[in-house]
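# Summary of the model geometry
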Amino acid sequence: MRSMVDTLGATLSLAEDAGPRPDATRLRPALVLALECQRPRALSARYDLGDVAAVVLGRGSERKADRNGAELFVRVPDRWMSSKHARLEPSFGRWVLTDTDSKNGTFVNGQPTKRAVLADGDLIEFGHTLFVFCERLPLADQDPPIIDLERSREPIAGLATLIPEYGRDLARMRQVAGSAVSILVEGDSGTGKEVLARAAHALSGRSGEFVAVNCGALPDNLIESELFGHKKGAFSGAHADHTGLVRAADKGTLFLDEIGDLPAASQATLLRVLQEREVTPVGGTRPVAVDVRIIAATHRDLDEMIAEGLFRHDLFARLAGFRIAVPALAERRPDLGILIGSLYERHFPADAVGLDLDAARLLFRYPWPLNIRELEQALTTASVLAGATPVLASHLPDAVRSGRPPGAARTAPLTPADEALRDSLCAAMRDHRGNISAVARALNKDRKQIQRWVKRFAVDPEKFK
């Protein structure tokens, strides 16, 4: 599936910013201009508030951000905003939002307000423009204080993000994309792993094709024939020679989606292909040399599968030259406007007039358990229903309008050990206000492990913010 991927994340209070970290990042407050409802294709912008004394927000003829001393002025071409709409200022370690007598008011998490103390992840509405406040964003010293994707548009789908940590992962992927290093893309179903693989292929400069294979969809008795080809008469039904998908990707990229679903016998054969750089068709006697770059993807935990003997460690070593995890959409709420804008570019007519404010608010409220695939389906349907009119709340799926995903899974009773693990996870979530990265550091675990526990124990990080 081809959907759009990109993104953002969560952050720490001024009072707790303890200076440089070993990875040369600081946890700093930031403001994200997430979505202009009337101009969704304009994408998003991020403003580092670490050394800002105040932010002044209002209407302007174009989207622009300027510093005047310690004050940051943010202008948006939104006719529903007032020229002096609101002001943000730090106070005793928190950020305070004040509406400066705007005509159409200011809303925080859908509620009208004149003054509010902001919390991490708060959705702020000025006119028909949505902002997300990030209290603790891990920004590196070299990160630019202002990133505006309207001006620095990423030409390759899947590589635009405002999440600092994910952005650094994507930068490293750019470095290896032009080499022969294999890439393993990990993430939940629907997060856009194939989009990232296609982006890596586009960056590679390889002259061959991008060939995608869903390993979980191949019949067990045909896997080797489909991957490695076969000779005429090799088996019943083999009426002609078949090149196979590996050779079809010669001088290009072979994308092995859901590699964790590959049976053990086929894993051994694939390993031999990767080691020898040649394939022997089923029924053939002479190997054929291939020059193919492998990108694999999975929603499974290959580390656990290796420990359980379900996945070959030597094959994993060949596939995981570079590992990158695509975050779930629920972790990228402030970046949702990037995805909406990208999908507008892909699925809406050029003269589409944007979104109604109520519809945009619903998109930001919904948890998107099926990730980008679910968002893409919702907006594709909305584009048909809306036609030449703005996307309204009535054009969105029932689940999005109600905010309740269908078919919530039942959880099995927890063992005492699991209960203790869940309690420690929740305690860390409380201490770090639902910040996945901070929890991972506190528990001395990989961020991906924390995400697996969050999913396993049905813990909602948003409830701790």
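Before any of the text, the structure's been laid out above.
The structure contained in this document is the topic of the report that follows.

The next subject is the nonpolar core. With 43 residues, the main nonpolar core has Leu336, Ile340, Leu363, Phe364, Trp368, Leu375 and Val391 as its most contacted residues. Ignoring anything within four residues of it in the chain, the contact list for Trp368 reads Leu329, Leu336, Leu363, Glu374, Leu375, Ala378 and Val400. Counting 31 residues, the second largest nonpolar core, distinct from the first, contains Leu254, Ile259, Ile294 and Phe316.

Of the two faces of strand β14 (residues 183-186), the one holding Ile183 and Val185 and the one holding Leu184 and Glu186 are both buried throughout. As paired elements, β14 and strand β19 (residues 293-298) share four bridges and run parallel to each other. What sits directly across from Val185, in β19, is Ala297. Both β14 and strand β20 (residues 322-325) contribute to a ladder of four bridges, which runs parallel. In the sheet register, Val185 faces β20, and the bridge partner there is Ile324.

One open sheet accounts for seven strands, arranged β9-β8-β11-β12-β1-β2-β13; its pairing is antiparallel. Each having just a single partner strand, β9 (111-113) and β13 (146-148) make up the two edges of the open sheet. For this sheet, the mean inter-axis angle between neighbouring strands, taken without regard to orientation, is 30 degrees. In this structure, strand β1 (residues 25-36) lies alongside strand β12 (residues 129-140), joined through 10 bridges in antiparallel fashion. Within β12, the position partnered with Leu27 by the bridge is Pro138. Across the face of the sheet, helix α1 (residues 164-177) comes into contact with β1, β2 (45-48) and β12 while running at roughly 65 degrees to β12. The sheet strands contacting helix α9 (residues 357-365) are β1, β11 (123-126) and β12, and the helix crosses β12 at an angle near 30 degrees.

With that out of the way, let us pick up unusual backbone geometry. The phi torsion at Asn109 lies on the positive side, around 50 degrees, for a residue other than glycine. Following the sequence through the fold, Asn109 ends up in the loop between β8 (106-108) and β9. Its relative accessible area of 43% is what places Asn109 among the partly exposed residues. Residues other than glycine seldom take positive phi values, yet Arg277 does so here, at roughly 60 degrees. Along the chain, Arg277 falls in the loop between α5 (264-276) and β17 (278-279). For Arg277, a relative accessible area of 38% puts it in the partly exposed group.

What counts and how
- Residues numbered from 1 in each chain as written.
- Predicted model: local features only at pLDDT ≥ 70, side-chain atom pairs only at ≥ 80, totals over all residues.
- Heavy atoms only, no water.
- Core = buried A, V, L, I, M, F, W, Y, C linked by side-chain atoms within 4.5 Å.
- Buried < 20%, exposed > 50% of the residue type's maximum accessible area, 1.4 Å probe, protein only.
- Contact = heavy atoms within 4.5 Å.
- Helix = DSSP H or I, 4+ residues; strand = E, 2+ residues; numbered from the N terminus.
- Pairing = 2+ DSSP bridges.
- Axes fitted to C-alpha atoms, helices over the stretch in contact; angles between N-to-C directions.

In short, geometric facts, not functional conclusions.
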